[in-house]
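# Topology and contacts: notes
Below are the chains, spelled out letter by letter.
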Amino acid sequence: MTWSTVRSHGVWSWPFEVVLVAVLTVSWTVGFLAARASLADVAPGTRNFFLALYETDDRLVIAAVLGLVGVAILVARHWYPTASFVGVSVVVFLIEWRYPFVIRVQFATTIMLLVAVFWALWRTDRFRPLALVAVAVGALVTVPAYRVNTNLSSASTIEATPERLVDLTSLVGTLESVILVAVAIGAAALVRRFDAQAAELAVRNRELTEQRAATARAAVLDERVRISRELHDVVAHHVTTMTVHAGAARQIVAADPEAATGSLHQIEQAGRTAVLELQRLLGFLRDGDDDPPDGHDRAPVPSLRHLDALGSSLGVGIDCEVTVSGDLGAIPQSVDVSAYRIVQEALTNVMKHSTAGRAEVSVVADDRQVEVRVADRGPARRPPARNGTDSGPANGHGHGLVGMRERATLHGGTVAAGPDGAGWLVRARLPYEVVGQ
């Protein structure tokens, strides 16, 4: 868990805040009571001297109020970190300067100052200037200790302590304070670095997610453009058939009305098929604006009848066994093309991602649907998952499987891919209606 997460979810705030306020409040209360008890124990004849030594009076309740005000200011650091740092510094300086006798609460004043320094530097946009101010404050709050130590030395009834030793003692106190402030500054710098790294990682993760989504959308669009190009050839074939039969019917309508009627029936069938294919295509691509680029060479329309040649065209090392059941001629041409492309992509996955040297292709067609199955009998080439960038059947997120699903969705069908115990299995069902039935 990063510090950004801690801060945003309040994990830092509530438990820590309760403990901090409790510790500081108890420290101030105990320190105040102990200071009052110490004054009460001072002999009447030496009371004035004892108070004069610290240049204060016995109104210690003011020191207690200042301490509690400092705690309240410290709590406000969540909303005003820099102002809270300034306020706590002023309170600590006043206590150390005016009420140095309350030495028992030095722990509380130190904790208050360090927390205020850490929080202000963590949340500020001006780290270096505020860090220099924090170091200066850490040194200034120890200045009253020089006068206190000097007074104690001069008031001692024992042999006077050398002045250099007194100054050295005070200097050590200053160094301790500066070092503690420096530790708080270093902690704030480290947390700021963690926050920056976490923010950078979040940005990179968001960019990668957007890039993956864009790549997936591009793959879908490319596949849809390819599908539309192939269905364009299918529709063009039907229109050509209609044109040929219309010309034949025109020529023989007077001499052979029966033959002309047959040609008109063929025109009707081809027209219905073309309209059905166009409706399916436009419904599938109504959200896309991509037009197939001009100038592309048109290969012969693929068909399940050419599966035997498909296995040998993929490359060496793959033995493709094809089993066909049913009448392939009854399959609408667009469904035939899509089923062929699904088999082609599945066999390509076998070649890219499997160590199998053999693939089994099964085609079962009836008057309502065609089902194709492509199975390989070998482990993945890259364990534990076949997560190639362009197909990746094992994890289901590759672009090859996207293309299969797009083609199946075009006809209201389904595609399933996954391990079957001995290898990998791709199974697709594409329903259709035979025009004229």
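### A look at the pairing of strand β1 (residues 319–325)
With seven bridges joining them, β1 and strand β2 (residues 358–365) adopt parallel strand pairing. Pairing of Asp319 across the sheet is with Arg358, part of β2. You can see the chain leave β1, run along helix α12 (residues 333–353) and come back into β2, and the turn it takes is left-handed.

### Some details on the packing of helix α5 (residues 81–98) against helix α7 (residues 127–140)
Contact geometry for α5 and α7: axes closest at 10 Å, N-to-C directions at 15°. When the axis of α5 is compared with that of α7, the two are roughly parallel. Crossing angle aside, the handedness with which α5 passes α7 is left-handed. Contact residues: α5 offers Thr82, Phe85, Ser89 and Phe93, while α7 offers Leu130, Val133, Ala134, Val137 and Leu140. In the contact of α5 with α7, the residues fall into seven nonpolar, two polar and no charged.

### Comments concerning the packing of aromatic side chains
Tallied over the entire structure, the rule returns three aromatic pairs. Sitting over the face of the ring of Trp119, Arg77 holds its NZ or CZ atom 4.5 Å from the ring centroid.

### A short note on the sheet that holds strand β5 (residues 424–431)
With respect to topology, five strands assemble into an open sheet ordered β1-β2-β3-β5-β4, the strand pairing being mixed. Only two strands of the sheet have a single neighbouring strand rather than two, namely β1 and β4 (414–419). Taking the axes of each pair of neighbouring strands and ignoring which way they run, one obtains an average angle of 10° across the sheet. Strand contacts of α12: β1, β2, β3 (369–376), β4 and β5, with the helix running at about 10° to β3, the strand carrying the most contacts.

### What about the pattern of salt bridges?
Summed over all chains, the structure comprises seven salt bridges. Across the salt bridge formed by Glu371 and Arg427, the nearest N and O atoms sit 2.9 Å from each other. Within this pair, whereas Glu371 is found in strand β3, its partner Arg427 is found in strand β5, the two being separated by 56 residues in sequence. For Glu371, a relative accessible area of 14% translates into the label buried. Ionic pairing is found between Glu371 and Arg429, a salt bridge with its closest N-O pair at 3.4 Å. Of this pair, Glu371 sits in strand β3 while Arg429 sits in strand β5; the two residues are 58 residues apart in sequence, bridging distant segments of the chain. Judged by its relative accessible area of 31%, Arg429 is partly exposed. Through salt bridges with shared partners, one network takes in Glu371, Arg373, Arg427 and Arg429.

Calculation notes
Residues numbered from 1 in each chain as written. Predicted model: local features only at pLDDT ≥ 70, side-chain atom pairs only at ≥ 80, totals over all residues. Heavy atoms only, no water. Pairing = 2+ DSSP bridges. Helix = DSSP H or I, 4+ residues; strand = E, 2+ residues; numbered from the N terminus. Right-handed = clockwise from strand over helix to strand, strands pointing away. Axes fitted to C-alpha atoms, helices over the stretch in contact; angles between N-to-C directions. Parallel < 35°, antiparallel > 145°, perpendicular 65-115°, else oblique. Left-handed = near helix turned anticlockwise from the far one by under 90°. Contact = heavy atoms within 4.5 Å. Nonpolar A, V, L, I, M, F, W, Y, C, P; charged D, E, K, R; others polar. Phe/Tyr/Trp six-rings, centres within 6.5 Å; stacked < 30°, edge-to-face > 60°. Lys NZ or Arg CZ within 6 Å of the ring centre and 35° of its normal. Salt bridge = Lys/Arg side-chain N within 4 Å of Asp/Glu carboxyl O. Buried < 20%, exposed > 50% of the residue type's maximum accessible area, 1.4 Å probe, protein only.

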